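Chain residues, written in single-letter form:
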Amino acid sequence: MNNSFDINRARRDTKACEDIVHFNNAGSSLMPIPVADALRSYLAQEEMIGGYETVEAQTDALQKFYASTARLLNCKPTEVAFVENATRAWDMAFYSLRFAEGDKILTSIAEYGSNVIAYNQQVARHGVELVFVDNDEHGQIDVKALESLIDDRVKLISITHIPTGGGLVNPASAVGKIANAAGIPFLLDSCQGMGQVDLDVEELGCDMLCGTGRKYLRGPRATGMLYVKESFINELEPYVLDQHAATLVSPTEYTIREDAKRFENWEQFFAGKAALGTAIDYAMSYGMPDIQHRVFSLGGELRKKLSDVDGVTLTDEGVQQCGIVTFKTAQKTPAEIKTRLREKQINVSVSGGSGGLVSFQQRGLVDVVRASVHYYNTSEEIDYFVTSLRKVLV
Ligand SMILES: Cc1ncc(COP(=O)(O)O)c(C=O)c1O
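Scope of this entry: the structure provided in the associated data block. (Residues numbered from 1 in each chain as written. Predicted model: local features only at pLDDT ≥ 70, side-chain atom pairs only at ≥ 80, totals over all residues. Heavy atoms only, no water.)

**A closer look at helix α5 (residues 86-94)**
A large share of α5 lies buried, amounting to seven of its nine residues. Residues of α5 that are buried include every one of A86, A89, W90, D91, M92, A93 and F94, and no others. (Buried < 20%, exposed > 50% of the residue type's maximum accessible area, 1.4 Å probe, protein only. Helix = DSSP H or I, 4+ residues; strand = E, 2+ residues; numbered from the N terminus.)

**Side note on the sheet that holds strand β2 (residues 80-83)**
Taking strand neighbours across the sheet as the criterion, the seven strands line up as β2-β8-β7-β6-β5-β3-β4 in an open arrangement whose pairing is mixed. Each of the sheet's edge strands pairs with one partner strand only, and the pair in question is β2 and β4 (129-133). Between one strand axis and the next, the sheet turns by 20° as a mean value, whatever way the strands run. With five bridges connecting them, strand β3 (residues 104-108) and β4 associate as parallel partners. Within β4, the residue paired with L106 across the bridge is V131. Lying on the sheet, helix α6 (residues 113-126) is in contact with β3, β4, β5 (154-160) and β6 (186-189); it crosses β4 at an angle near 145°. (Pairing = 2+ DSSP bridges. Axes fitted to C-alpha atoms, helices over the stretch in contact; angles between N-to-C directions. Contact = heavy atoms within 4.5 Å.)

**Remarks on the layout of surface pockets**
Computed from the structure, the largest pocket encloses a volume of approximately 440 Å³. Contributing to the lining of the largest pocket are 38 residues, with Y112, P163, T164, G165 and Q192 lying nearest its centre. Every element with two or more residues in the lining of the largest pocket is listed here: α5, β7 (208-212), β14 (349-352) and α14 (357-363). The element contributing the most residues to the lining of the largest pocket is β14, with four residues. In terms of residue class, the lining of the largest pocket is made up of twelve nonpolar, 19 polar and seven charged. Three or more residues apiece are contributed to the lining of the largest pocket by two domains, here domain 1 (7-31 + 287-393) and domain 2 (35-285). Estimates place the volume of the second largest pocket at around 380 Å³. As for the second largest pocket, its lining consists of 19 residues, of which V55, L62, W266, Q268 and F270 are closest to the centre. Elements supplying a minimum of two residues to the lining of the second largest pocket: α2 (33-49), α3 (51-57), α4 (59-73) and α11 (270-286). Looking at the lining of the second largest pocket residue by residue, the classes come out as nine nonpolar, five polar and five charged. (1 Å grid on protein atoms, 1.4 Å probe; cavity = no way out; pocket = protein on both sides within 12 Å on 5 of 7 lines; lining within 4 Å. Points joined across faces, edges and corners; volume = space filled by probe spheres on them. Nonpolar A, V, L, I, M, F, W, Y, C, P; charged D, E, K, R; others polar. Domains from an automatic or database assignment.)

**Comments concerning the site of the ligand**
As a structural note, the neighbourhood of the ligand is formed by 13 residues, with T87, D189, T212, R214 and K215 the closest of them. Contacts to the ligand include T87, whose side-chain N or O atom sits 2.5 Å from an oxygen atom. Between the ligand and the protein, one listed contact pairs an oxygen atom with a side-chain N or O atom of T164 at 3.2 Å. Against a free-state accessible area of 390 Å², the protein chains account for coverage of 92% of the ligand. With respect to the pocket detection grid, the ligand is positioned in the largest pocket. (Near = heavy atom within 4 Å. Polar contact = N/O pair within 3.5 Å; in protein donor to acceptor, adjacent residues only side chain to side chain. Areas by Shrake-Rupley, 256 points an atom, 1.4 Å probe, with all protein chains shown as cover. Sits in = over half its atoms within 2 Å of the grid points.)

**Digging into the packing of aromatic side chains**
If you walk through the whole model with that rule in mind, you get 16 aromatic pairs. With a centroid separation of 6.4 Å and 80° between ring planes, the pair formed by F327 and F385 is classed as edge-to-face. Note that F327 is positioned in strand β12 (residues 324-329) and F385 in helix α15 (residues 379-393), a separation of 58 residues in sequence. Each member of the pair, F327 together with F385, is buried. Each member of the aromatic cluster is reached from another via a ring pair, and the members are W90, F94, Y95, F99, Y119 and Y239. Positioned over the ring face of Y286 is R9, at 4.2 Å from the centre of the ring. (Phe/Tyr/Trp six-rings, centres within 6.5 Å; stacked < 30°, edge-to-face > 60°. Lys NZ or Arg CZ within 6 Å of the ring centre and 35° of its normal.)

**Details of the environment of V369**
Of note, V369 is situated in strand β15 (residues 367-372). Taking the C-alpha atoms as reference points, V369 and G205, 164 residues apart in sequence, are found 33 Å from one another. Residues within four places of V369 in sequence aside, it is in contact with V325, T326, F327, P334, I337, V348 and S349.

**A short note on the packing of α11 against helix α12 (residues 288-306)**
One way to put it is that α11 packs onto α12 with a least axis distance of 6 Å and a crossing angle of 80°. As judged from the angle between their axes, α11 and α12 are roughly perpendicular. Residues A283, M284 and Y286 of α11 form the contact with α12, whose own contacting residues are M288, D290 and I291. Residues that form the contact of α11 with α12 fall into these classes: five nonpolar, no polar and one charged. (Parallel < 35°, antiparallel > 145°, perpendicular 65-115°, else oblique.)

**Here we look at the side chain of T378**
Mapped onto the fold, T378 is located in the loop between β15 and α15. A polar contact of 3.1 Å, which involves the side chain of T378, links it to the backbone nitrogen of E381. The residues touching T378, leaving out its near neighbours within four places in the chain, are I7, R11, R294 and L298.

**What about the environment of A81?**
With respect to the helices and strands, the residue A81 is situated in strand β2. A sequence separation of 180 residues divides A81 from K261, and the C-alpha atoms of the two residues are 5.0 Å apart. Apart from residues no more than four positions distant in its own chain, A81 is found in contact with F65, G224, M225, L226, A260, F263 and E264.

**Focus on the packing of α4 against α11**
Helix-helix packing is described using two parameters, namely the angle between the two axes and the distance between the axes. Packing of α4 against α11 leaves a shortest axis separation of 8 Å and a crossing angle of 40°. As far as their axial angle goes, α11 and α4 are oblique. The interaxial crossing formed by α4 with α11 has left-handed handedness. Across from A61, L62, K64, F65, Y66, S68, T69, R71 and L72 in α4, the residues of α11 making contact are F270, K273, A274, L276, G277, T278, I280, D281 and M284. For the contact of α4 with α11, the residue count by class is ten nonpolar, four polar and four charged. (Left-handed = near helix turned anticlockwise from the far one by under 90°.)

Next comes the structure, spelled out in structure tokens:
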């Protein structure tokens, strides 16, 4: 790991750094210049020569997406699908599994709301049993409790790596070990981990993993990806097929692709796909271990400084905490804080509602301020944030 992170380069490449303090990276981060340029130049070519013709002209850039994602996740390009967002990527994996009455799904308290809705749909449709594995005393999934719940009825272990509304990093590799030992498919939602955490699918032991482009990867909106382990692809017949995912060979027969592109649509956001490849290469040019180290350190620094502010209660859980910092205050609602900080050119968001409902209800939380830092943020910005918050809270 390199201890001298090139912050000058990161800020030079991030135009908006001059004008705003962007602590909403878990929502959608700021695209760096090379990514925005890749997106614009692709669209400009579409404008000038036509969409289909641009696909031909940009074959290398479009293929690069697969090679780059494979490098990012330590997998093969053929194990990667381009999908329009993390939710649909997750759906393509989840809804392709076949559940029967009595099957069990084990999941985490930190689970993302859309995933919980999908589980419950399977409960209603097929009589599946949904089990939320308890957290341990640190607020992360209790791996011992998970292990004790394994039996023949468990057909899926599916957890969220980093929740949408908190700094928790669930011990995904420990969960993967349990799943692998029991031969149970493991689906990991690492939407908030992608670009923030150094992800290695071998080490995580996951069979399926989803991610999004616009958050920590700094790619364009409406881009995402699904990883499916090679040995698992054939077991996962997509719940929808088109003529990109499959080939019609006669009026009554079709064959399904052998690679992960079976989870893709024929029509795609090609400009976004090319730019997402650039975003991944850009992240890799800093190195994921260095990015993770810097983001987690800045998150820790922000938490420490916030803990000195009167009326602030931090709401992050977990042994390891990431760049997503959440808190509530005695003085103001999260919505008021968000609005008042915006007047000071600081972007944060409010977490509540469906996204982290299971965990929030268990902890008696309604909503919290989410201040999520990225590697291009600085200690000076953290100080400005804390000073501004103190003023807002008066
Ligand atoms: C943990 C988690 N999973 C999934 C999603 C959904 O991602 P997308 O909006 O790309 O579908 C989010 C978005 O906030 C998330 O935080």
